[in-house]
Every structure is written in C-alpha cells, then in structure tokens.
Amino acid sequence: MKISEKYRLKALDCEKRGREAKEYEAKCAWADVAIEWHCLANRTAQESSLDRELEPS
C-alpha cells in the first residue's frame, strides 16, 4: 500500500470519528485533523508522481 493511501485512510478514519462525536468542538477538531491527513496524502501522491517523471527511462 502506498504511503498516500495510508494517509488517505487516516483521513477517512478522522472523518468518521468526527461524525460520531457528540460535541461540536470535537467534530471540528476531527475535521481539522482529517484535512491535514488529506493534505499529506495529496502531497505525497504528487511527490511520488514527480519522482516517477524524473526517473530515466
């Protein structure tokens, strides 16, 4: 499994926890953490594709 996929799964888990949270502040906190995981997933996926482009054929 690619590292970006692992980060994406962490983000989805945070989103789930946010939906299950009872308090508004907790929902917002989980949403913020999920956003950070999604950003990391996107960044690592982009870096991975750039690395492949730079590799000699």
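One can find the structure itself at the top, above this paragraph.
Quick notes on the rules
- Residues numbered from 1 in each chain as written.
- Predicted model: local features only at pLDDT ≥ 70, side-chain atom pairs only at ≥ 80, totals over all residues.
- Heavy atoms only, no water.
- Helix = DSSP H or I, 4+ residues; strand = E, 2+ residues; numbered from the N terminus.
- Buried < 20%, exposed > 50% of the residue type's maximum accessible area, 1.4 Å probe, protein only.
- Contact = heavy atoms within 4.5 Å.
- Areas by Shrake-Rupley, 256 points an atom, 1.4 Å probe, with all protein chains shown as cover.

### Digging into the overall build of the protein
- Across its full length, the protein holds 2 helices and 0 strands.
- Here the protein holds 57 residues, and 18% of them are scored as buried.
- Within the protein, contacts between residues separated by at least 24 positions form 53% of all contacts whose residues are at least 6 apart in sequence.
- Counting only carbon and sulfur atoms, one obtains 55% of the accessible surface of the protein, whose full area is about 4,700 Å².

### Let's talk about the side chain of S4
- Note on placement: S4 falls in helix α1 (residues 3-20).
- Its relative accessible area of 12% is what places S4 among the buried residues.
- What S4 contacts, discounting residues up to four positions off in sequence, is A41, T44 and A45.

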